[in-house]
Every structure is written in C-alpha cells, then in structure tokens.
Amino acid sequence: ARKALVDDGDLEKLAAAETKIADLEAAKAVSDQINALPSNLALNDKQAVEAARAAYNALTDARKALVDDGDLEKLAAAEAKIADLEAAKAVSDQINALPENLTLDDKTTVEAARAAYNALSDNQKNLVAPATLNKLTDAEDKLVVAQAMSEVSAKTGSDVTYNGGPLQLINTPTTDLPNGYTMKYAFGTDATTAPEADQFTSEVPTGENAGTYYVWYKAAGDGDHADSTPECKTVSIAKAKLTVTAKNQTVNYGSPAAQGKYTVKGLVDGDTVDVQLYTKIATNEVKATVKASANYKVKVVSGILTIKGAPIAKAQPSGSNMLVSYTKVQKADGYDIFAGYCGSGSYPLAKTIKGNSVTATKLTKIGGKAIDTKKNVFLYVVAYKMVNGKKVTLVRSASLHIAGANTKYTNAKSVKVAKTSLTLKKGKTTTLKPTMTLVSSRKKLISCTDKFRYASCNKNIAKVDASGKITAVGKGTVNLYVYATNGVKTKVVVTVK
C-alpha cells in the first residue's frame, strides 16, 4: 500500500540510477582490465590483450561511452604492439631458419629473408634482435663470399702457355668481397690437401715453367669473420711449340750433313736450343736431334737429302742398246737417266722411268737418236721425288763411263776383293787391293776415269781414299764399295771397334 504512494517519476529516477551504476561498474571492469596490461608487452601477453578487446566489444554502446578515451588508446597501442611483435617474430624466425653452411643455392632464401625484413615498419625492425639481424647480414656476406669463390677459375689456352715469363694461373673474382674478408692464395702439393693457413697470401699466384700447379684459394676473414673453406684449381702451363726445320741439303755420298742449316720457330727470347743435323740415307732425309728445355714440345721437320755420287747404278752395252740397272731408292717417285757420249759435254735426259717398282731398263736412244755403238757413253741416274709438282733430286748416281759395243775398249764384268769384311780398331788403316774381270779379254778397259773408284756410305765410321786406303774413324759398321767405270761393284763391310 505504501509503495503505491511513491511517485512513478521517483521510481523511474531510481531505476535510471541503478542502470547507470551497472554501466559504470561494467565500464570500470573493462578499464581495469585494460590498465592491468603490462607496460612492456611481450607476445605471451597477446591473450590478455585479446581478452581486453573482447570485454570492451561485449559492452553496450552506453557502457563503451563510459570507457575513458585514454584507456581505449592504451588498448589500441597494446594491439599494435602485439602485431609488431608478431611481424618481427615471423621475420626473425625466417632469418634464424637460414642454414649455417650457406651455398649459392640458398641465395633465394636469403634474399627472401632480407625482403621480409625490409618490409617491416621501423617499429617492427626495432623489435628484431641485433643478433638476429647480424645473422642475416652474415648470411648475405657468406653469399657474396660464395659468389666470389665461384668466380675463381683456372686460366687456359694461350694464357697459360710457356713464354719465358711469369704467367697468372687463375682468373680472380670480379665480385668485391664484403668488409672483413680478403681473397688469399697458396700453392699446394696436390688437389686434396690444403696448405697451412700461414702459407696463404694476397698475392695472385703465377708460374713460369711448363707443368701442373695446384692453386688453393679462400676468402680469409678478419677477427670478426671466419675463413671460407679453401678450394683448389689445378692449372697446367702448356709447353710451347718449338719447330725445328732442317733445310734441304746436297751432300756427297757418305758425307755427313752440314751443321747449322736449319730454322727454329717458337723459341722464346733468352732460351737456347741445341740442334744436331744428321742424314738418313735410307729415306733421303736430313733429320735433327734437338735438345731443348722441358718447357717445349719439339717438332722436327726433316729436310730433303740429295746424295751425289752414290754407287747405285751400273750399265753394259747390249747390241745397239744400253742395259741400265740401279738400286731402288726409298721415297723415290721415279728415275731419270741422263746420257751422252764421252767428251761431248752434253748429257741430256735420255729416259724417265716413273714409279718405284722397276730397277732396270733398256736405253735405246741418246739425244733422240739410236745409240752410236762406236762411241763410248757417259751416263748417270737420278732418283727423284715430286714436291709441289716439281722433281726434287734424292740421289744422283756416280758418273758411269761405258765402252761402246763396237769400240776398241771393253767394260768391267766383275770386281772382287780378297776379304768382303774387315775389322779395324779406331785410327787404324788398311788398303784394299781389288781385282777386275773384263767383259772381253781382247780389249782394253775404257780409261775415261780411274780403274777403281771407292765410296764409303758413312765417313764418320770409315773413310776410303782414291787409292783404296781405309781409315777407321769411329765405332760402328759401314759398307764400303769398290766400283768400276761402268758401275759394276763389290761391297766390303768394315767394323770399327
């Protein structure tokens, strides 16, 4: 009955007061929750911040209006700080996940970490620990070091061919090393065992002599940076090409080659080479023995040897023709027979035999006409080789004098010696006393030249003079020949001890 006497307006005022108190209490609870957040937030405070935000969001608009603006700013700042901490942690985790032993294959990963860090705000960057940022910087430095190491390569080709001077053995990096690093080099004994640390220097390695070099290299760090793992390049300085070309020579049968007749190509200024020329009669070559330093790859080009006066031909008249035979000469492409009459002074080409399979032929004409059998014949044989379309003489036989079939002279049928083999000590002498059988005992031997002629195929072993006196010169075995005016001959083998 008494409640009924209370004015409705007073009741409304009371209800409003009660509502206001409830709102104030709710707002205060949220403000207290916000103000309870630590001033130095960490990520583990994220749940408390989210709870404060949820409590505020649960307020009615009337109650939200009762929350102090300063408290709301504090909540917003806390949320922003949590977001910054999360962003910084994500980048830090990305950096800390980088491998310790970086290679160039990790370049994309490192670049991604740097891009993520650069995308942070200044506040977020400040939340990344210095040690973590240093790890990123170190990773970038290691990539630069790896790039520089990859750019070291062995010199090749003409860059490392012996030239008498120092040659840089490697191509150095084009990428500049980061601060705190210096590229250093050392020579090793092989490609697997790195030299000691104190053997590395900043001097770029050079070599001079031909051979193999093991060049080790590394990016050496200062006190704040570790050295890179040493690596090795195997470098070879190639031998220079040295070509010794013997010049063509003409020598008398059995005589040695003249020295000094050669050309040298590729010899470095200041270097020397010893060249000794010798003849190889079997192949009509002037060859060379070359002594050069181990820095050269020597090529010897032989010259053509032309031998004069070789006892390789003989001839006998046969009716109105002349039978000519000769010893086969290796490498010959053919044979030319030159003939004329004794004393005429004209000895033109009488016949050419192409190829190297025929060693005897019948000569039917001299000067384009039938042979005059009443005259004595002068004849010699030339073995030739075709070089660039031209005939080059390999061997010129000794000159032959052959009595014509219808003259008062005859020719030698055979020549003999008492001993066909002799042994002499160096410096000793002996004299040959050959005998001759004539084709016709009723005629005199043609006398255009000495009855007997002598030849040694190697005068450095034994020589023989016009009287048949043999002198032992040097150790070895040599063939001597005694031959008549028409080339009929016999052989004497002389051994000098």
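For the structure itself, consult the block above.
On a predicted model such as this, the values are computed, not experimentally measured, just so you know.

K.L.:
Which parts of the structure should I look at to understand the overall build of the protein chain?
P.N.:
Scanning the protein chain for helices and strands turns up seven helices and 35 strands. Against the globule reference of 23 Å for 497 residues, the protein chain gives a C-alpha radius of gyration of 55 Å, more extended than a compact globule. In terms of its C-alpha atoms, the protein chain occupies a principal-axis envelope of roughly 200 × 50 × 30 Å. Taken over 497 residues, the protein chain has a buried fraction of 37%. A sequence separation of at least 24 residues applies to 61% of the contacts in the protein chain between residues at least 6 apart.

K.L.:
So what exactly am I meant to see when it comes to the pairing of strand β8 (residues 240–246) here?
P.N.:
Every other side chain in a regular strand lies on the same face of the sheet, so the side chains alternate between the two faces. Across the two faces of β8 the burial differs, with A240, L242, V244 and A246 buried and K241, T243 and T245 not buried at all. Bridge analysis of β8 against strand β13 (residues 296–301) gives six bridges, and the strand direction is parallel. Its bridge partner lying in β13, T245 is registered against V301. As paired strands, β8 and strand β10 (residues 262–265) are joined by four bridges and run antiparallel to one another. Looking at β10, one finds that V244 is bridged to V264.

K.L.:
Looking at this structure, I do not really get the pairing of strand β11 (residues 274–280). What am I missing?
P.N.:
By the bridge criterion, seven bridges tie β11 to strand β12 (residues 285–291) in an arrangement that is antiparallel. Across the sheet, residue Q276 finds its bridge partner in β12, namely T289. The hairpin formed by β11 and β12 contains four residues between the paired strands, and N284 there has a positive phi angle of roughly 50°.

K.L.:
Please clarify how the packing of helix α5 (residues 107–119) against helix α7 (residues 130–151) should be interpreted in this entry.
P.N.:
Angle between the axes and distance between the axes are the two parameters that describe a pair of packed helices. Across the interface, α5 lies against α7 with an axial gap of 10 Å and an inter-helix angle of 140°. Judged by the sense of rotation from one axis to the other, the crossing of α5 with α7 is left-handed. Residue-level inspection shows K107, V110, A113, R114 and Y117 of α5 in contact with α7, the latter providing L133, L136, T137, A139, E140 and L143. Among the residues forming the contact of α5 with α7, the class breakdown is seven nonpolar, one polar and three charged.

K.L.:
Please clarify how the packing of helix α4 (residues 69–96) against α5 should be interpreted in this entry.
P.N.:
Orientation of α4 relative to α5, taken along the N-to-C sense of each, is 160°, at an axis distance of 9 Å. As judged from the angle between their axes, α4 and α5 are roughly antiparallel. Relative to α5, the crossing made by α4 is left-handed. Residue-level inspection shows V91, Q94 and I95 of α4 in contact with α5, the latter providing A112, A113, A116 and Y117. Each residue belonging to the contact of α4 with α5 can be placed in one class, and the counts come to six nonpolar, one polar and no charged.

K.L.:
How do you make sense of helix α1 (residues 8–35) when you look at a structure like this?
P.N.:
Within an α-helix, residues lying three or four positions from one another point in the same direction, as the helix has 3.6 residues per turn. Along its 28 residues, α1 runs 40 Å from first to last C-alpha, staying within 8% of the 40 Å computed at 1.5 Å per residue. Looking at α1, one finds that the buried residues are D23, A26, A27, V30, S31 and I34. Taking the backbone nitrogen of G9 as reference, a side-chain oxygen 2.9 Å away marks D7 as the first, capping residue of α1.

K.L.:
Help me understand the environment of A22 in this model?
P.N.:
Relative to the helices and strands, A22 resides in helix α1. Judged by its relative accessible area of 29%, A22 is partly exposed. When the C-alpha atoms of A22 and A240 are compared, they prove to be 104 Å apart, with 218 residues separating the residues in sequence.

K.L.:
When you look at the side chain of T283 in this model, what are you seeing that I'm missing?
P.N.:
By the element assignment, T283 lies in the loop between β11 and β12. Using a relative accessible area of 11% as the deciding quantity, one classes T283 as buried. Excluding residues within four positions of it along the chain, T283 makes contact with Q330 and K331.

K.L.:
Would you mind showing me how to read the packing of aromatic side chains here?
P.N.:
Aromatic rings in a pair are described by how distant their centres are and how their planes are angled relative to each other. With the rule as written, the count across this model stands at six aromatic pairs. An angle of 50° between the planes, with centres 6.1 Å apart, marks the rings of F187 and Y213 as tilted. Of this pair, F187 sits in strand β4 (residues 181–188) while Y213 sits in strand β6 (residues 211–221), and the two are 26 residues apart along the sequence. Grouped by ring-pair contacts, the aromatic residues F338, Y347, F378 and Y380 constitute a single cluster. Across the ring face of Y341, the terminal group of K375 is positioned such that the distance to the ring centre comes to 5.1 Å. Residue placement shows R396 over the ring face of Y380; its charged tip is 3.6 Å from the ring centre.

K.L.:
How should the pattern of salt bridges be read in this particular structure?
P.N.:
Side-chain pairing between opposite charges can occur once the charged atoms of the two side chains come close. By the definition in use, this model includes 12 salt bridges. Note that K28 is salt-bridged to D32, the shortest N-O span being 2.8 Å. Of this pair, K28 and D32 both sit in helix α1, four residues apart, roughly one helical turn. A residue is classified by how much of its surface remains accessible, and K28, at 51% relative accessible area, is exposed. Linking E50 and K46 is a salt bridge whose minimum nitrogen-to-oxygen distance equals 3.9 Å. Highlighted residues: E50 and K46, both in helix α2 (residues 46–58), separated by four residues, approximately one helical turn.

K.L.:
What is the right way to look at a negative patch on the surface in this model?
P.N.:
There is a patch of like negative charges on the surface, built from D7, D8, D10 and E12. Turning to its location among the elements, D7 is positioned in the segment before α1. On the basis of relative accessibility, which here comes to 48%, the residue D7 falls in the partly exposed class.

Cut-offs applied
- Residues numbered from 1 in each chain as written.
- Predicted model: local features only at pLDDT ≥ 70, side-chain atom pairs only at ≥ 80, totals over all residues.
- Heavy atoms only, no water.
- Helix = DSSP H or I, 4+ residues; strand = E, 2+ residues; numbered from the N terminus.
- Rg over C-alpha atoms; globule rule 2.2 N^0.38 Å.
- Buried < 20%, exposed > 50% of the residue type's maximum accessible area, 1.4 Å probe, protein only.
- Contact = heavy atoms within 4.5 Å.
- Pairing = 2+ DSSP bridges.
- Axes fitted to C-alpha atoms, helices over the stretch in contact; angles between N-to-C directions.
- Left-handed = near helix turned anticlockwise from the far one by under 90°.
- Nonpolar A, V, L, I, M, F, W, Y, C, P; charged D, E, K, R; others polar.
- Parallel < 35°, antiparallel > 145°, perpendicular 65-115°, else oblique.
- Expected span 1.5 Å × (residues − 1).
- Polar contact = N/O pair within 3.5 Å; in protein donor to acceptor, adjacent residues only side chain to side chain.
- Phe/Tyr/Trp six-rings, centres within 6.5 Å; stacked < 30°, edge-to-face > 60°.
- Lys NZ or Arg CZ within 6 Å of the ring centre and 35° of its normal.
- Salt bridge = Lys/Arg side-chain N within 4 Å of Asp/Glu carboxyl O.
- Patch = residues over 30% accessible without salt bridge, like charges linked within 9 Å, V, L, I, M, F, W, Y side chains within 5 Å.
- Areas by Shrake-Rupley, 256 points an atom, 1.4 Å probe, with all protein chains shown as cover.
- Lys, Arg positive; Asp, Glu negative; His and termini not counted.
- Charge placed at Lys NZ, Arg CZ, Asp CG, Glu CD.

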